[in-house]
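Residues per chain are reported as follows:
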Amino acid sequence: MSETTKAKPGQYLTFQLMSEQYGVAIETVREINQFGEITPVPRTPEYVKGVMNLRGKIIPVVNLRVKFGMQPQDTTRDTCIIVIDTEIGQVGMIVDSVKEVVDLQDNQIEPPPVLGNENAMSFVRGMGKVDNKVVILVDIVSAFSADQMGQMAGFQAEAA
């Protein structure tokens, strides 16, 4: 793994999926919203929950649990949608809960472990050490292939 793909020091928004904490670089986060109305779009991949109207703009919404191969769960009052900026525009990510913003120094970031299928794990950029917890640092955008991003841009256009 090249040095450029390793997570960089800086601020990360941490969120929870099941019992694990994940961190996403704060500069990719546009906003955090309460879970709201999502309109399903037919014939979309399982991980695409649908689209939502964000102040007049239609954006695709992804269930991050399903995208990461976890069981979906019913929404709770802690369920949030993290809106991130991508090359196709904004995309909403459903997470179990948003935790906090952490500031990680270089010495708090380890490279991701090699756990078999490197392509399947390519979006994991590192492991952040916060207190006695491990935060899995992810680049959400690279969790999607170019084709998947193109598909989501298509759903956006169809729903608009």
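Residues numbered from 1 in each chain as written. Predicted model: local features only at pLDDT ≥ 70, side-chain atom pairs only at ≥ 80, totals over all residues. Heavy atoms only, no water.

**Q** I would appreciate a short explanation of the environment of Gln90 in the present structure.
**A** Structurally, Gln90 can be placed in strand S7 (residues 89-95). For the pair Gln90 and Ile59, spaced 31 residues apart in the sequence, the C-alpha separation amounts to 6.1 Å. Each residue touching Gln90, except ones within four places of it in the same chain, is listed here: Arg30, Leu54, Lys57, Ile59, Pro60, Val83, Ile84, Asp85 and Gln156. (Helix = DSSP H or I, 4+ residues; strand = E, 2+ residues; numbered from the N terminus. Contact = heavy atoms within 4.5 Å.)

**Q** So what exactly am I meant to see when it comes to the sheet that holds strand S6 (residues 80-86) here?
**A** What links the strands of a sheet is backbone hydrogen bonding, and the strands pair in either a parallel or an antiparallel sense. Strand order in this open sheet of 5 strands is S3-S6-S7-S5-S4, and the pairing throughout is mixed. Since the sheet does not close on itself, it has two edges, and those belong to strand S3 (29-34) and strand S4 (48-54), each with one partner. Neighbour to neighbour, the strand axes of the sheet diverge by 30° on average, direction disregarded. With 5 bridges connecting them, S3 and S6 associate as antiparallel partners. Bridge assignment links Ile32 to a residue of S6, and that residue is Ile82. (Pairing = 2+ DSSP bridges. Axes fitted to C-alpha atoms, helices over the stretch in contact; angles between N-to-C directions.)

**Q** Looking at this structure, how should I read the layout of surface pockets?
**A** There is about 200 Å³ of room inside the second largest pocket. Secondary structure elements with two or more residues in the lining of the second largest pocket: helix H1 (64-67) and S7. Partitioned by chemical class, the residues of the lining of the second largest pocket number 5 nonpolar, 4 polar and 5 charged. (1 Å grid on protein atoms, 1.4 Å probe; cavity = no way out; pocket = protein on both sides within 12 Å on 5 of 7 lines; lining within 4 Å. Points joined across faces, edges and corners; volume = space filled by probe spheres on them. Nonpolar A, V, L, I, M, F, W, Y, C, P; charged D, E, K, R; others polar.)

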